[in-house]
Structure formats: C-alpha cells, structure tokens
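If you want the building blocks of each chain, they are given just below.
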Amino acid sequence: MGKGYHECYGEAHAEVKAFQNATEDVEGATLYVTLEPCSHYGKTPPCVDKIIDKKINRVFIGSLDPNPLVSGRGVEKLIDAGIEVTTGILEKECRELNEIFMKYMVERKPFVIMKTAMSLDGKIATKIGESKWITCSESRNNVHRLRDQVAGIMVGVNTVIMDNPELTCRIENGNNPVRIIVDSSLRIPIDSKVLGKQHIAETIIATTPQADIRKKIEIEDKGVKVLITESLEGKVDLQDLMSKLAMENIDSVFLEGGSTLNFSALEQSIVDKVQVYIAPKIIGGDKSKTPVGGSGVECLINAFQLHRVSYRTIGEDILIEGYIRR
C-alpha cells in the first residue's frame, strides 16, 4: 500500500510519490487517482510511463485532465498498455479537490478565495477602526493554514496603510505566499513591512499607467516587482491583473482585502469562492465598516449569489463557505 500527493510545483506528482511510499511491491496493484495521470513531459516525466513500468493492473480516475492538449491521452496510453481504466469515480468531489488546478488550466487565471471575518451583526471593525481581534484564535490559525496552501495573498493599499501587515504564514514550516498589493496610484509607504524582507516573502505591487514613475523606481529598487495593469476608471483592472498574475505562475489568490477591494473583486467577477468567519459578538455603529463596501447593488436580483454552501464551527466562530454563482 502506498499513497502520495503533488507536494510542490516542479516536484514529483502524486503517482510517483505513492510508488515511493509503497510498503510492498506494487506490481499487479490497483491505483486510485483524483486526476488523470499526465502523459507529457513538463517539469517531470509522464506519470503514465511510470504506471506502465510498475505493471499496475487497474487504474480508477476521478476526473480527466482539463487541459485540452492532454485530456484523455493519459487514459488512452494506459489502455493501449493493457491496463484496465475506469473514469469518473467521485468526479464532483475530485474536481473540488483540484479546483485551483482546474481553473488555472482552463482559464489561465488564478482561483480566487475571498475571505472575511465579521461580527454577528456584520461588522469588520468598530467605529474607530479597531479590528484585532474579531474572530477567535482557532479561526486565525485556520487562515494561516490556508495562506500556506495558496500561491498569493492580496490586499488593497488601504489595508497596508492602516495596519502595516507582514502578510506571511505564521505556522511552523509554512510557505509564505506572494504578497500582492493593489495600489492604483502607488500610495504605499516606502517603509511598509511588505516592501521589506523579499527573501522571506516576495511582493508584487499592482498599479496603473498613471502611477508616479519615480515612486515605481523607488519601490523596484527594494527588489519588489511592480505590475502595470490596464486602468478601469482610474483603478487597477482586476481581470487584467489576474491574467498577469497567471503569467507569474500564481495559480491561486487568497483575497483578504477591505470592503472597497472586496466589492471591486465581486463586481469584476474575479472571485470564485467565499469564506466568511462569523464571531458571536455584536459591535453596532452606523459608521462601522462591513465586509463589502463600494457602491453596492441596487436590486436584490443583482446580488452576488453563493451556491454549494457549507457551514461548520471553528472554535467559537462559524465558518460559511460557498462558491460564486456565475
């Protein structure tokens, strides 16, 4: 018996890891995979060749590779080698397990998870801006585990100006995602924490052609990459930014923005999944901010709808997760 998963981009795929971890000879064994084994050379050799070499007898596949250039070819090669193949096993569940890869391969854009934390009455801070901490420590630890699993973490420049966060993963041996700051006019303070320690966590500043070129050079001199996106009414075009981030090999983004960026992300349809942590606290206040600001929608029929919604408790908080209905 053996099992494995694709632990890191460029390293051995799940099938190879499973063979490496096998406790006995795998000849004649049955192999279960969530995704069709690759049949082409990329960062690693084709997994189907390894499966054939190991003389596997039968393969169950959850979902086919979404890449139209390779979809079905792995299955075809296995069948030609005399291996019995069954596809579509728990396909829905397998596609969800690989949801980041699926979107990245099909649309060439990152899978975006919008996360927010709020009180029972829908506030993300008090009327004077205090927000640490609304949710419990278990919820915050869960957020850091998710930071460990994504390629990028994105906030707006107002969050940097107000909180000066590091935007790193604070779990032992965790991976720091690329820090993405949406800053249309390069207002970011030059001494911000996210502009330092690029050897620990890289930073990308997304801005527009109207930004001050001298500030751009000053930021780049700190080893920070500045991406110039198309301008949408003077702001960063988030759809264009997603395309540019994909070119930087960023396949997933954890959006921890403020209310303004959150609305823009929803309005520009870059959000795929939503996570809302709700704490059993009541803050109140007409001027206390809510998770999604901006201009809002005028009619309920235009509200951003979630489907495939799930609920669970984390510590004393409630976590609601769902997918944006397109």
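Residues numbered from 1 in each chain as written. Predicted model: local features only at pLDDT ≥ 70, side-chain atom pairs only at ≥ 80, totals over all residues. Heavy atoms only, no water.

### Some remarks on the sheet that holds strand β14 (residues 317–324)
Read from one edge of the open sheet, nine strands run β8-β7-β6-β5-β11-β4-β12-β14-β13, paired in mixed fashion. Because the sheet does not close on itself, it has two edges, and the strands there are β8 (225–228) and β13 (306–314). The mean inter-strand angle of the sheet, taken between neighbouring strand axes irrespective of direction, is 20°. With four bridges connecting them, strand β4 (residues 111–119) and strand β11 (residues 252–255) associate as parallel partners. Paired with valine 112 across the strands is valine 253, a residue of β11. Across the sheet, helix α9 (residues 238–247) is in contact with β4, β5 (152–156), β6 (178–182), β7 (203–207), β8 and β11; its angle to β8 comes to roughly 130°. (Pairing = 2+ DSSP bridges. Helix = DSSP H or I, 4+ residues; strand = E, 2+ residues; numbered from the N terminus. Axes fitted to C-alpha atoms, helices over the stretch in contact; angles between N-to-C directions. Contact = heavy atoms within 4.5 Å.)

### Overview of the sheet that holds strand β1 (residues 30–35)
Read from one edge of the open sheet, three strands run β1-β2-β3, paired in parallel fashion. Either end of the sheet is taken by a strand with one partner, and the two such strands are β1 and β3 (84–87). Here the strands of the sheet are splayed against their neighbours by 15° on average, with no regard to which way each runs. Relative to strand β2 (residues 58–63), β1 runs parallel, the two sharing five bridges. Pairing of leucine 35 across the sheet is with serine 63, part of β2.

### Structural notes on the confidence of the model for the chain
Interpretation of the predicted coordinates at a detailed level should be avoided for regions scoring low in pLDDT. Of all residues in the chain, 98% attain a pLDDT of 70 or more, and the chain-wide mean is 90. Of all helices and strands in the chain, the one with the weakest mean pLDDT is helix α1 (residues 14–20) (77), whereas β7 scores best (97). (pLDDT = per-residue confidence, 0-100.)

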